[in-house]
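Descriptive analysis of the structure
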Amino acid sequence: MKTQGLFSKTMLGAGFVFLYVPILSMVFYSFNNSRLVTVWDSANSPTLKWYAKLLDDGQVLSAAWLSIRVAAMSASGAVILGTLAGLVLARFGPFKGRALLQGLTTAPLVMPEVITGLSMLLLFVSLEQLLQKVAGVQFDRGVITITIAHISFTMAYVTVVVQSRLASFDDSLEEAALDLGARPAKVFFRITVPLILPAILSGWLLAFTLSWDDLVVTQFVSGPGSNTLPMVIFSRVRLGVSPVVNALATIMVLIVACGVILSAVLMRRQERRRKREEQMAAAG
Amino acid sequence: MKITAARYSREAPGRLGPLWTFLFRYGPPRWTEYVLRNWSGQRLVIAVPYLWLLLFFLVPFLIVLKISFAEFEPLGRPPYAPVFQWLDEGALQIKLLVGSYVYLLNEPLYVSSWIYSIKVAFFSTVLCLMLGYPMAYAIARSSPTYRNVFLMLIILPFWTSFLLRVYAWIGLLKTDGVINNVLKFFGIIDEPLSMMNTSFAVYIGIVYSYLPFMILPLYSNLEKHDLTLLEAANDLGAGPVKAFLRVTLPLSFPGVVAGSLLVFIPAVGEYVIPSLLGRSDQLMIARLLSDEFFLNRDWPKASAVAIAMLLLLVVPIMLFQHFQNKELQAQKK
Amino acid sequence: MSQAPAAGTVALTGLVKRYGATLALDGVSLSIVPGEFFTLLGPSGCGKTTTLRSVAGFVTPDAGRVAINGTDVTGVPPHLRRVGMVFQHYALFPHRTVAQNVAFGLRMQRVAKAEIARRVAEALTLVQLPAYGTRYPRQLSGGEQQRVALARALVTRPSVLLLDEPLGALDKKLREATQFELINIQEQLGVTFIVVTHDQEEAMTLASRIGVMNRGEIVQIGTPTEIYEFPQTKFVADFIGSVNMFEGKLIEDLPDHVRIQSDELGGVVFVDHGISSAPGVTVYAAIRPEKINILRAPPADTRENCVKGVVKEIAYMGDMSIYLVQIDTGKMVRVTLPNVERLSDDERILWDETVWLTWHASSPVIVTQ
């Protein structure tokens, strides 16, 4: 068992090195003065020059703002639809078409994005044609189509999170509420939702990240003038490294790291408080 | 508020005649009543996500299928001839061309791309498994306090942008990049290694990006193992290696399958990583689809590629869903 | 509510419920009268919890009727039935205080705020937790949580209260104390209690009537005394307490006494009351361990209700001792004797001693199935 443990522990360490060296190198070279990014210009570095350039970069900033808006809207939409789907699959008994729903909600988890992107674009084109023929309305792809597309494939993740949370949820709480006279809808909103709120929130964050980060599907369904941040980044890095992108990456890594550490600290504190209360209850 | 449909079911002759009748026989009050009676409660809850998914996920695939059989019209807007067309005589003309599919299966560019894509995805999955399994094992066997920290460290990169993480490897792998700098610094090499725009770079990119997807299902499976089984095996004379091979490995099989599928299936259709890190002389299939669509504007062919990819992946996808369901059922108990 | 039977009546008629290939309920019929403390008792899987949940409305039977207070409620969803339920693990809402938990049912009934406060205080006093209103469930011990669950169910003044293994999670001393509390509350309020349990001691203590279930059927209904002293089947005799069962044939069947020849016993059992049975049917004589005497010398008359054996095991339980005596046919007979006196070594019955077992003619119960 000892040698076994040593091997896997070494691999764990190597794995973490593998995971973090690229990120750390990106952060490191964002302070490098040289435009070549990885050639360290010791004369003029470290510098915050690229961060200043980033704040001046209108294209990046407006794309970031667009991405945030789209991500927030699609995360909210995904949470509503995904929670409903998760509820249906976890709580409702068998009904006609259940298997299809189950399939539709898990397929996006693995579906290659080019397929999803292409199919959504063709749908929007067909809808455009239909609307034009029926109502003479001209419809351009843009923020709305991107949001709809993002909702459609991120809701699968929310469904999985909510469904698995509900599966391990003690449904005697819901039964107790029903027994006390609450209608099923009331039970859902007053009892179930507050108790699975952490799962719903993490589903929201997950959907936000996936939408914020998405490139391929967005490229297919976006219209002229609606450039999201990933699209801007991609077009820049195709041509090679770009120090402004390093600066942007560092800021994002910082935000994420703060968020994760903050949530870990909060959870630890809540856990400690709960343990203390349980101990007091058992003693007294 | 009770809706009495009786008031509206009388024939109300008026200036609009049949239209009036139609509106009041089947008009809003009747509809509302129908909706309220048949679609209340559970059905409504099921219907909302269901309809959304049908419209925005299933129907698009059907449209792609339809267009894959269409005839390419380079100058058309959209660039394909209609598949279904109502002719003047009232008949429906359906034109299905399989030319696109034939092309896909014969054109050397595509054939080599199919093979290359599957090869890359397969070996990436194997490499990911070889790195991810020991990591998941180590995390599952560590003490609870460390476990949460490790999991957080695994998930943290996932929350940062996928695109940016792939970009990071450009900085590492290119000729004047970090790795070459370090190797030159230590005198290990004289000439820089050419690592960018190779299959090697794609393997690294895929393993790097998809590692959390391999580790998490494996961890979730390994964590549930009953360690007393291993103790029993030891007691019966099996050394640590044998116990691992005979007890842990078979029990972790569902996790291995789930993780591998979570990596393999999207890797086949991966676009970003080969675009940024991969070869320009041998493209993966997603790139071909994108080029067909955006460069050649050949929608039918692009659709055919998509359908062919779906057919290729449908068995692994169903396998994945099967394992996903089993996991959920197990959680219910 | 107008001309319905008194509040607190529950009538189950022919309930059938299948889960896949398993038949959980096989024609269960029960009639529970108002103010009863009724217990459903049986081994796990016998269908008692399914029956309880059918009354609550969480299980819709495949066939049969459920009537509460005279109204047919089969198919009525649980939130429209006026029954209260205490769940096995209490199911207190963790994100609500104790007072909010107890008030929940009243809020669903849209009772006025002032009235809610009054009734919640009343309910908490009833379960002896008057100052606990602002605490959260996680701050309470198991026994306290159970009392809050009880208060929550009772505050809505249901006519029927259902309890699913209410004392299962409590330790022994707490269980005994809570049993008497439950009886007190029930007598005070006059609510019909239906309790599901697998613990026969609990059933005997709490219930005014017990319904014994096995494999989806009601096997016997009766008062605890009736169930214990007059079991109607082998299963009931064996499930409640311990019993010695001797298989035999009727050799004399008269209205005021019967005689049974048992090869298992190696003798004749004489019972001083008549039984109703068909001729030629195999019968079983069930004799409770506490009703058998151990004699160190053969009695005057050894022809009937007497058998010789060797003491094989003695278990000293403090208040009584259990003796396992092997009789000549090889069967082990279980006898319990209270330790009434302190006996010296040669007065006490010891291992491997030859003894005679006797019992009174009224002690055996004859069952035919």
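Residues numbered from 1 in each chain as written. Chains lettered and ligands numbered in written order. Predicted model: local features only at pLDDT ≥ 70, side-chain atom pairs only at ≥ 80, totals over all residues.

**Considering the overall build of chain B**
- Within chain B one finds 16 helices and 2 strands.
- Counting across all 333 residues of chain B, residues that qualify as buried make up 39%.
- For chain B, long-range pairs separated by at least 24 residues make up 68% of all intrachain contacts whose partners lie at least 6 apart in sequence. (Helix = DSSP H or I, 4+ residues; strand = E, 2+ residues; numbered from the N terminus. Buried ≥ 20, exposed ≤ 12 C-beta atoms within 10 Å, placed from the backbone. Contact = placed C-beta atoms within 7 Å.)

**Here we look at the overall build of chain C**
- Secondary structure assignment for chain C yields 8 helices and 20 strands.
- Considering only C-alpha atoms, chain C reaches an extent of 80 × 50 × 40 Å along its principal axes.
- Residue burial in chain C is summarised as follows: out of 369 residues, 40% are buried.

**Examining the pairing of strand 13 (residues 267-271) of chain C**
All names here are of chain C.
- Pairing geometry for strand 12 (residues 258-262) and strand 13, over 5 bridges, is antiparallel. Bridging from a neighbouring strand, valine 258 pairs with valine 271 of strand 13.
- Connecting the antiparallel pair strand 12 and strand 13 is a turn made up of 4 residues, with glycine 266 showing a positive phi of about 80°. (Pairing = 2+ DSSP bridges.)

**Topic: the pairing of strand 19 (residues 354-359) of chain C**
Residue and element names in this part refer to chain C.
- Residues Val355, Leu357 and Trp359 of strand 19 are buried on one face, while the alternating residues Thr354, Trp356 and Thr358, pointing to the opposite face, are not.
- Pairing analysis gives 4 bridges linking strand 15 (residues 292-295) to strand 19, with the strands arranged antiparallel. By the bridge assignment for strand 19, isoleucine 292 is matched with tryptophan 359.
- Examined bridge by bridge, strand 16 (residues 306-316) and strand 19 share 5 bridges and lie antiparallel to one another.

**Topic: the sheet that holds strand 4 (residues 63-68) of chain C**
Residues and elements named next belong to chain C.
- A sheet is described by the order of its strands in space; here 4 strands give the open sequence 2-1-4-5, paired in antiparallel fashion. A single partner strand is all that each edge strand has here, and the edge strands are strand 2 (22-32) and strand 5 (71-72).
- In this sheet, strand 4 lies alongside strand 1 (residues 10-19) in antiparallel orientation, the contact comprising 5 bridges. Looking at the pairing, threonine 13 lines up with arginine 65 of strand 4.

**As for the sheet that holds strand 8 (residues 192-197) of chain C**
Residues and elements named next belong to chain C.
- The sheet built from 6 strands is open, its strands ordered 6-7-8-3-9-10 with mixed pairing. Each edge of the open sheet carries a strand with a single partner, namely strand 6 (83-86) and strand 10 (217-222). Neighbouring strand axes in the sheet, compared pairwise and without regard to direction, differ in orientation by 20° on average.
- Where strand 6 and strand 7 (residues 160-164) come together, 4 bridges link them in parallel fashion. Considered in strand 7, the bridge of valine 86 is made with leucine 163. (Axes fitted to C-alpha atoms, helices over the stretch in contact; angles between N-to-C directions.)

**A look at the arrangement of the chains**
- There are 2 pairs of chains in contact here; the most contacts are made by chains A and B.
- Chain B shows no contact with chain C. Their nearest C-alpha atoms sit 13 Å apart.

**Structural notes on the nonpolar core**
- Of all hydrophobic cores here, the largest spans 160 residues; its most connected members are Leu118 and Ala207 of chain A together with Ala136, Trp169 and Leu289 of chain B.
- If one sorts the elements of this core by residue count, helix 10 (residues 199-223) of chain B sits on top with 16 residues.
- Taken domain by domain, the makeup of this core includes at least three residues from each of domain 1 (26-56 + 241-284) and domain 2 (61-229) of chain A.
- Look past the residues within four positions of leucine 289 of chain B in its chain and what remains in contact with it is Val114 and Leu118 of chain A together with Ala302, Val305 and Ala306 of chain B.
- Ranked by size, the runner-up nonpolar core spans 105 residues in total, among them Tyr90, Val155, Val160 and Val269 of chain C. (Core = buried A, V, L, I, M, F, W, Y, C linked by C-beta atoms within 7 Å. Domains from an automatic or database assignment.)

**Quick word on the interface of chain A and chain B**
- Facing the 72 residues of chain A at the interface are 76 residues of chain B.
- Going through the elements one at a time, helix 1 (2-29), helix 3 (58-91), helix 4 (98-110), helix 5 (113-135), helix 6 (143-167), helix 8 (184-213), helix 10 (229-237) and helix 11 (243-283) of chain A are the ones with two or more residues in the side of chain A that touches chain B.
- Class assignment for the residues of the side of chain A that touches chain B results in 51 nonpolar, 17 polar and 4 charged. (Nonpolar A, V, L, I, M, F, W, Y, C, P; charged D, E, K, R; others polar.)

**Some points on the domain arrangement of chain C**
Residues and elements named next belong to chain C.
- Each assigned domain of chain C is listed with its residue range as follows: domain 1 (10-234) and domain 2 (242-367).
- Here domain 1 and domain 2 have C-alpha centroids that lie 39 Å from each other.
- At the interface, 5 residues of domain 1 touch 5 residues of domain 2.
- Each residue belonging to the side of domain 1 that touches domain 2 can be placed in one class, and the counts come to 2 nonpolar, 2 polar and 1 charged.

**Some remarks on the interface of chain C and chain A**
- Taken together, the contact pairs 21 residues of chain C with 19 residues of chain A.
- Elements with a minimum of two residues in the side of chain C that touches chain A: strand 6 and helix 2 (98-108) of chain C.
- In terms of residue count, helix 2 of chain C provides more of the side of chain C that touches chain A than any other element does, 3 residues in total.
- Partitioned by chemical class, the residues of the side of chain C that touches chain A number 11 nonpolar, 9 polar and 1 charged.

**Considerations on the packing of helix 10 of chain B against helix 13 (residues 253-268) of chain B**
Residue and element names in this part refer to chain B.
- Helix 13 packs onto helix 10 with a crossing angle of 155° between their chain directions and a minimal axis gap of 8 Å. Comparing their axes, helix 13 and helix 10 come out roughly antiparallel. Two packed elements cross with a definite hand, and for helix 10 against helix 13 that hand is right-handed. Taking contact as the criterion, the partners of Ile206, Tyr210, Phe213, Met214, Pro217, Leu218, Ser220, Asn221 and Leu222 in helix 10 are, on helix 13, Pro254, Gly255, Val256, Ala258, Gly259, Leu262, Val263 and Ala267.
- For the contact of helix 10 with helix 13, a count of residues per class yields 13 nonpolar, 4 polar and no charged. (Parallel < 35°, antiparallel > 145°, perpendicular 65-115°, else oblique. Left-handed = near helix turned anticlockwise from the far one by under 90°.)

**A closer look at the environment of cysteine 128 of chain B**
Residue and element names in this part refer to chain B.
- Position of cysteine 128 among the secondary structure elements: in helix 6 (residues 108-141).
- Classification of cysteine 128 as buried rests on a count of 26 C-beta atoms within 10 Å.
- Measuring from C-alpha to C-alpha, the distance between cysteine 128 and serine 260 comes to 8.2 Å, with 132 residues separating the pair along the chain.
- Each residue touching cysteine 128, except ones within four places of it in the same chain, is listed here: Val207, Tyr210, Leu211, Met214 and Val263.

**Regarding unusual backbone geometry**
- A positive phi is found at arginine 297 of chain B, a non-glycine position, where the angle reads about 55°.
- Within the fold, arginine 297 of chain B resides in the loop between helix 15 (285-295) and helix 16 (299-332).

**Brief notes about the confidence of the model for chain B**
- Residues with a pLDDT of 70 or more make up 87% of chain B, whose mean pLDDT is 83.
- Between residues 1-16 of chain B, whose pLDDT stays under 50, and residues either more than four places distant or in other chains, the model counts 16 contacts. (pLDDT = per-residue confidence, 0-100.)

**Concerning the packing of helix 11 (residues 227-235) of chain B against helix 12 (residues 240-251) of chain B**
All names here are of chain B.
- At a minimum axis distance of 10 Å, the contact between helix 11 and helix 12 shows a crossing angle of 140°. Classified by the interaxial angle, the pair formed by helix 11 and helix 12 is oblique. By crossing handedness, the relation of helix 11 to helix 12 is classed as right-handed. In this structure, helix 11 contributes Leu229, Leu230, Ala233 and Asn234 to the contact, and helix 12 contributes Ala243, Arg246, Val247 and Thr248.

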